[in-house]
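Examination of the molecular architecture
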Amino acid sequence: MKEYIIGREYEKHVLGSLLTSAKSEFVAVCGRRRVGKTFLIREYFEDVMLFQTAGLASGSTRQQIKSFYEDMLEYGLQRPAEPPRDWIDIFTLLRQLIKQSDNERKVILLDELPWMDTPRSGFISALEHFWNTWASSRRDVVLIVCGSATSWMMDKLINSHGGLHNRLTQRIFLEPFTLCETEQFLKWKGFMLSRYDIATCYMVMGGIPFYLDMLDVKLSIAQNIEQLVFRRNGPLHNEFANLYAALFRNSTDYIRVVETLGHHREGLTRSEVIRLSGLVSGSGLTTVLRNLEACGFIRQRHHYKASRADAVIYQLTDFFSLFHLHFIAPGKVSDWMSLLGRGEYHAWAGLTFELLAWHHLPQMKKALGISGIKTEAYAWRCDDGQKGAQIDLVIERADQTVNICEMKFASAPYAITAAYEQNLRQKLAAFQEHADRRLSLQLTLVTAFGLASGTHSSIVTNEVTLDDLFLP
């Protein structure tokens, strides 16, 4: 096992427990495309892997079986008298490969599992039979399955109502890197970047290792964004469509939901999603929303003290998708460098910095000294239409205190003007009018470089800076 894998502390703990378990383990590893699922498993089990194979994109049943079989031969399977004809034969040969091994734990990786399940191939039945009647009764098999097609992984494995119901012993949903992990990764690649530049890069690409690995150390972050995303033949120029097509079968409805939410960054209720996307309410939409949320593309947010109908809103939270929809999809922008410093850039950066803070709530809590306090995070807006009475992040604490959070992304210490101070006072007054009177309010400003000194800054109770968001 390689000891140096950036971040992934919880996941490494889970994977380590598989090697010391006294029973066979069946593990599903899910996560959006490019998040590093295969890399993590291969690196961690590099020295003890008994067998690994991967499904073929758009491969026929015959091609999938042939590829699986040839990989087993490469890993030392004794060649049978007759080649396999179907998936039952394949899993029978996999048993043989396991029996041949002297490894204490037989670690097997089946990557891109959804691609193996071609129509009417009998793959799921064969997998069920292999696990339920043979592997699960042993004590030494570690079967790890990965797949970016999250809808398949959710329906056929995690929420299965068939023969694999409740058969998984562990589930890992791999998240993108945090800012801290992104910084570690970029340092490992040889970059010496300011945290402002790292944050800007994160707001474009998110903490997706595959995207970050494309960055060229010889170029600035702005130059990298230009080369990777804006050039028509850039590696990430068409990534948006490829991303959802790879993750979800029948991806059209998924893209419609994502595009609808992307054009309403504050989020939408379910009924608003239906009305604006043109999709029909029902179990199909429920599945789309559930799978997008499981992949980390969207999240449910709750409005503080909102009526039941408006309490839950869906918000697009995938940085790359938001960037694509804001700049690439309209087709109006072809030069990132010329946008820097312009109004459209600042509007995007300001909105995206708010999302960056939401993604790093644990780090914000640590900076505020409230990591050990139970909290709930909400958005809030005034129902009576009072101007300026909207708050993007409310942290309600168990100690009867509420942090009213304002996020401002600037390249220098942020100066509060008289007009902005008045706006803040209106927000605090409106919130206090609607909130529980027993709660104390603290105005928290989240900025890149802190507050500039001035007569209007005294309204701020506490600050969170960009450095705080980089906390582990």
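Residues numbered from 1 in each chain as written. Predicted model: local features only at pLDDT ≥ 70, side-chain atom pairs only at ≥ 80, totals over all residues. Heavy atoms only, no water.

Regarding the layout of surface pockets
In this structure, the largest pocket spans a volume of roughly 660 Å³. Looking at the largest pocket, it is lined by 29 residues, and the ones nearest its centre are E175, P176, G296, T317 and H359. Secondary-structure elements contributing two or more residues to the lining of the largest pocket are α9 (195–205), α15 (283–294), β6 (298–302), α19 (343–359) and α20 (361–368). Sort the elements by how many residues they give to the lining of the largest pocket and α20 lands first, with three residues. (1 Å grid on protein atoms, 1.4 Å probe; cavity = no way out; pocket = protein on both sides within 12 Å on 5 of 7 lines; lining within 4 Å. Points joined across faces, edges and corners; volume = space filled by probe spheres on them. Helix = DSSP H or I, 4+ residues; strand = E, 2+ residues; numbered from the N terminus.)

What about the sheet that holds strand β9 (residues 390–397)?
Strand order in the open sheet formed by five strands is β8-β9-β10-β11-β12, and the pairing between neighbours is mixed. In this open sheet, the two strands that pair with only one neighbour each are β8 (375–381) and β12 (462–464). The sheet shows a mean angle of 30° between the axes of neighbouring strands, direction not considered. Two strands pair when backbone bridges link them, and β8 and β9 are joined in this way by six bridges, in the antiparallel orientation. Its bridge partner lying in β9, E376 is registered against E396. (Pairing = 2+ DSSP bridges. Axes fitted to C-alpha atoms, helices over the stretch in contact; angles between N-to-C directions.)

Topic: the sheet that holds strand β1 (residues 25–30)
Taking strand neighbours across the sheet as the criterion, the five strands line up as β2-β3-β4-β1-β5 in an open arrangement whose pairing is parallel. Two strands close off the open sheet at either side, each with one partner strand: β2 (49–54) and β5 (170–173). Geometrically, the sheet is characterised by an average inter-axis angle of 15° between neighbouring strands, direction not taken into account. Judged from the five bridges that link them, β1 and strand β4 (residues 141–146) form a sheet pairing that is parallel. When the bridges of β4 are listed, A28 appears paired with V145.

Concerning the pairing of β4
Counting buried residues in β4 gives six out of six residues, a clear majority hidden from the surface. Here β4 shows a buried face lined by V141, L143 and V145 and a second buried face lined by V142, I144 and C146. (Buried < 20%, exposed > 50% of the residue type's maximum accessible area, 1.4 Å probe, protein only.)

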